[in-house]
Amino acid sequence: MAAYDKADLERRMAGAVESLKGDLSGLRTGRASISLLDPVTVEVYGAHMPLNQLATVSAPEPRMLSVQVWDKNNVGPADKAIRSAGLGLNPIMDGQNLRLPIPDLTEDRRKELAKLASQYAEKARIAVRNVRRDGMDSLKVDEKKGVYSEDERKRHEGEVQKLTDATIADIDAASAAKEKEILNK
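Residues numbered from 1 in each chain as written. Predicted model: local features only at pLDDT ≥ 70, side-chain atom pairs only at ≥ 80, totals over all residues. Heavy atoms only, no water.

**Quick notes on the pairing of strand E2 (residues 47-50)**
Regular strands place their side chains on alternate faces of the sheet. As a reminder of what qualifies: Only strands that DSSP links by at least two bridges are regarded as paired with each other. Only DSSP runs of H or I covering at least 4 residues are called helices, and only runs of E covering at least 2 are called strands; the numbering of each starts at the N terminus.
Pairing of strand E1 (residues 41-44) with E2 involves four bridges; the strand directions are antiparallel. Following the sheet pairing, Thr41 is matched in E2 by Pro50. Counting the residues that bridge the hairpin from E1 to E2 gives two residues, and of these Tyr45 lies at a positive phi of roughly 50°.

**Points about the environment of Pro50**
Defined as follows: Residues are treated as being in contact if the distance between any of their heavy atoms lies within 4.5 Å.
In this structure, Pro50 sits in strand E2. Once the C-alpha coordinates of Pro50 and Pro39 are considered, the two residues, 11 residues apart in sequence, prove to be 7.3 Å apart. The contact partners of Pro50, leaving out residues within four places of it in the chain, are Val40 and Thr41.

**Some details on the sheet that holds strand E6 (residues 97-101)**
The strands that make up a sheet are held in pairs by hydrogen bonds between backbone atoms, and each pair lies either parallel or antiparallel. To keep things clear, this is the line we draw: Lines fitted to C-alpha atoms define the axes, with helix axes restricted to the stretch in contact, and inter-axis angles between N-to-C directions lie between 0 and 180 degrees.
Taken together, four strands build an open sheet; the order of strands is E3-E4-E6-E5 and the sheet is antiparallel. The strands lining the two open edges of the sheet, one partner per strand, are strand E3 (55-61) and strand E5 (92-94). Going across the sheet, the axis of each strand differs from the next one's by a mean of 25°, ignoring polarity. Relative to strand E4 (residues 64-69), E3 is paired through five bridges, and the arrangement is antiparallel. Pairing of Ala55 across the sheet is with Val69, part of E4. Each of E4, E5 and E6 is contacted by helix H2 (residues 75-83), which is oriented at about 15° to E6, the strand it contacts most.

**As for the side chain of His156**
With respect to the helices and strands, the residue His156 is situated in helix H4 (residues 150-183). Ignoring sequence-local partners within four residues, the contact set of His156 consists of Tyr4, Leu139 and Tyr148.

**Things to note about the packing of helix H1 (residues 6-25) against H4**
Rules: The labels follow the angle: roughly parallel below 35 degrees, roughly antiparallel above 145, roughly perpendicular from 65 to 115, and oblique for the rest. Note on residue categories: nonpolar means Ala, Val, Leu, Ile, Met, Phe, Trp, Tyr, Cys or Pro, charged means Asp, Glu, Lys or Arg, and polar means any other residue, Gly included.
Packing of H1 against H4 brings their axes to within 10 Å, and their N-to-C directions diverge by 10°. The orientation of H1 with respect to H4, classified from their angle, is roughly parallel. For the pair formed by H1 and H4, the contact residues are Lys6, Leu9, Glu10, Met13, Val17, Leu20, Lys21, Leu24 and Ser25 on the first element and Glu159, Val160, Leu163, Thr164, Thr167, Asp170, Ile171, Ala174, Ser175 and Lys178 on the second. A breakdown of the residues in the contact of H1 with H4 according to their chemical character gives nine nonpolar, four polar and six charged.

**Structural notes on the confidence of the model for the protein chain**
Selection criterion: Residue-level confidence of the predictor is what pLDDT reports, using numbers from 0 through 100.
The predicted model of the protein chain has a mean per-residue pLDDT of 84, with 95% of residues at 70 or higher. Here E1 is the element of the protein chain with the lowest mean pLDDT, 84, and H4 is the one with the highest, 90.

In structure tokens:
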């Protein structure tokens, strides 16, 4: 087991928050957001490539995405990848450009998305608690090895707990903001 490293704990907790924000940005809210297409991969040249490496994605209107495919041979595969990505989007081909109207969200779909947002948040909270546990365990090991006295260990445990509380507050804030965005259109 590694020695107590506060910077490593901070980095790992921040990573959990960043991962959550990435997951939340992929949830559709009824407004066009170019991050909506981030998970889409297109099969071209015998490999799977992210859509943003084959095309320029933009949001010219609040309820429309535009995908300008650079190579006309990739328009068909890009169209197919967007349709099969499970995002509920149906591209309209216009030469090398794909227009994606963003449909309205039904109330049931909004509730599902809000539930998914809270599941992502819980996954992030669990990750942070696991990092906290690792930190606490390494402090106890260090105390047994004589690296820290009992008082020093308790002080460091307090720091780890404060860091954990602050990180979970960030997660709760990000989750609450996304749920509000989804439910209060």
